[in-house]
Amino acid sequence: MVQLTIDRQDNIGIIRFSNPPYGYMDGETESELDAALTVVEDDPEIQAVIITGADKDVFIRHYDVGVLYQRSKAMADRGLTFDPARPVPESTIHKCYRRIEAMGKPFIAAVNGTAMGGGFELALACDIRIVKDGPYDLGLPEVNLGILPGAGGTQRLTRLVGRAKALELMLLGQTLTPKGVLEFGLASFCVKGDVMKKALEVASLLTARSSRAVGHIKDLVQGIDNRSIEEGFARERTLFCDLMVDARGLEEMGKMATGIRDIRDPALAHLKTN
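Everything numeric here is computed off the predicted structure, so don't read it as measured data.

Peer 1: I tried to follow the pattern of salt bridges on my own but got confused; where do I start?
Peer 2: A side chain with one charge may pair with a side chain of the opposite charge, provided their charged atoms come close. According to the stated counting rule, one finds 20 salt bridges in the structure shown. We note a salt bridge from Lys-56 to Asp-57, for which the minimum N-O separation is 3.0 Å. The exposure class assigned to Lys-56 is exposed, which follows from its relative accessible area of 70%. Between Asp-225 and Arg-159 there is a salt bridge, with its nearest N and O atoms 2.5 Å apart.

Below, the structure is given as structure tokens:
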């Protein structure tokens, strides 16, 4: 059964996940996500991407623990042991989440329900998170099964909320409500009703901007941990100058220089939590 569908609304790519009855992620999800990312990356008309759940009240519940258990048994039966001195290679899910971060197009996670484990890790890999208010569980409670978040969750959560809060959530195996996610600073908006409406509103604002400027800002922010502060400042200076000579930058600055527009974008006034 196909789990991911892709469609386009104007310059917005929309990826929807569906795997009833439980909404679990598995190996097929990984393969389909990899293919979907190639589609949106190769389509020059797509300037922003929304990832959401197609089924009511479920974004991606979490990775299928039955699948993980079978993999675990197979490794244990072979007598495999693991040591950080011999790093395990990235699998498809790891590569997909890193592709989302590295791609020059902004990704919005429209979290329409429960998202734990691998599903929440997917949301963490996106640039902007919008959550739907309701009785949903969000977070990384893997420690309750004697394991840990294995698709980048320990690293991305810590970078977003800091060590103390990340340790609190993961060591205690806690999940958060959508409002709790907003309070932790893990989501930009917590909305009542249709989360896709807000996601499309945000995506439309992003696509109205210079795609080159949006891509450069994302590059500078997402890559900050891979560069020294000197390298980061140097890259910022260079990309700033690149935009200074870009046609879009020249056009917009020219409008302001002649009094046609202001640096403040009035569209931002509509970005309020519903």
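Peer 1: I tried to follow the sheet that holds strand β8 (residues 113-116) on my own but got confused; where do I start?
Peer 2: Across a sheet, strands are paired by hydrogen bonds formed along the backbone, either parallel or antiparallel in direction. With respect to topology, 4 strands assemble into an open sheet ordered β5-β8-β10-β11, the strand pairing being mixed. Every interior strand has two partners, whereas the edge strands, β5 (57-60) and β11 (175-176), have only one. Pairing of β5 with β8, which is carried by 3 bridges, proceeds in the parallel orientation. Considered in β8, the bridge of Val-58 is made with Thr-114. Where helix α4 (residues 117-125) meets the sheet, it contacts β5, β8 and β10 (138-139), and its direction lies at approximately 95° from that of β8.

Peer 1: What am I meant to see in helix α6 (residues 163-171) here?
Peer 2: A turn of α-helix holds 3.6 residues, and therefore any two residues three or four places apart point the same way. When α6 is considered as a whole, its buried residues turn out to be Ala-166, Leu-169 and Met-170. Buried residues in α6, looked at end-on, bunch into an arc of 90°, giving them a common side. Residues of α6 that are exposed and point more than 90 degrees away from the buried face comprise Ala-164 and Leu-171. Where α6 is buried, its residues contact α5 (153-161) and β11.

Peer 1: Would you explain the pairing of strand β2 (residues 12-17) in this entry?
Peer 2: Taken residue by residue, a regular strand's side chains alternate between the two faces of the sheet. Within β2, 5 of the 6 residues are buried, leaving the element largely enclosed by the surrounding structure. Bridging between strand β1 (residues 4-9) and β2 involves 6 bridges; their strand directions are antiparallel. By the bridge assignment, Thr-5 is partnered in β2 with Arg-16. Linking β1 to β2, which pair antiparallel, is a turn of 2 residues; within it Asp-10 sits at a positive phi near 60°.

Here is what the cut-offs are and how they apply
Residues numbered from 1 in each chain as written. Predicted model: local features only at pLDDT ≥ 70, side-chain atom pairs only at ≥ 80, totals over all residues. Heavy atoms only, no water. Salt bridge = Lys/Arg side-chain N within 4 Å of Asp/Glu carboxyl O. Buried < 20%, exposed > 50% of the residue type's maximum accessible area, 1.4 Å probe, protein only. Pairing = 2+ DSSP bridges. Helix = DSSP H or I, 4+ residues; strand = E, 2+ residues; numbered from the N terminus. Contact = heavy atoms within 4.5 Å. Axes fitted to C-alpha atoms, helices over the stretch in contact; angles between N-to-C directions. Arc of directions from axis to C-beta.

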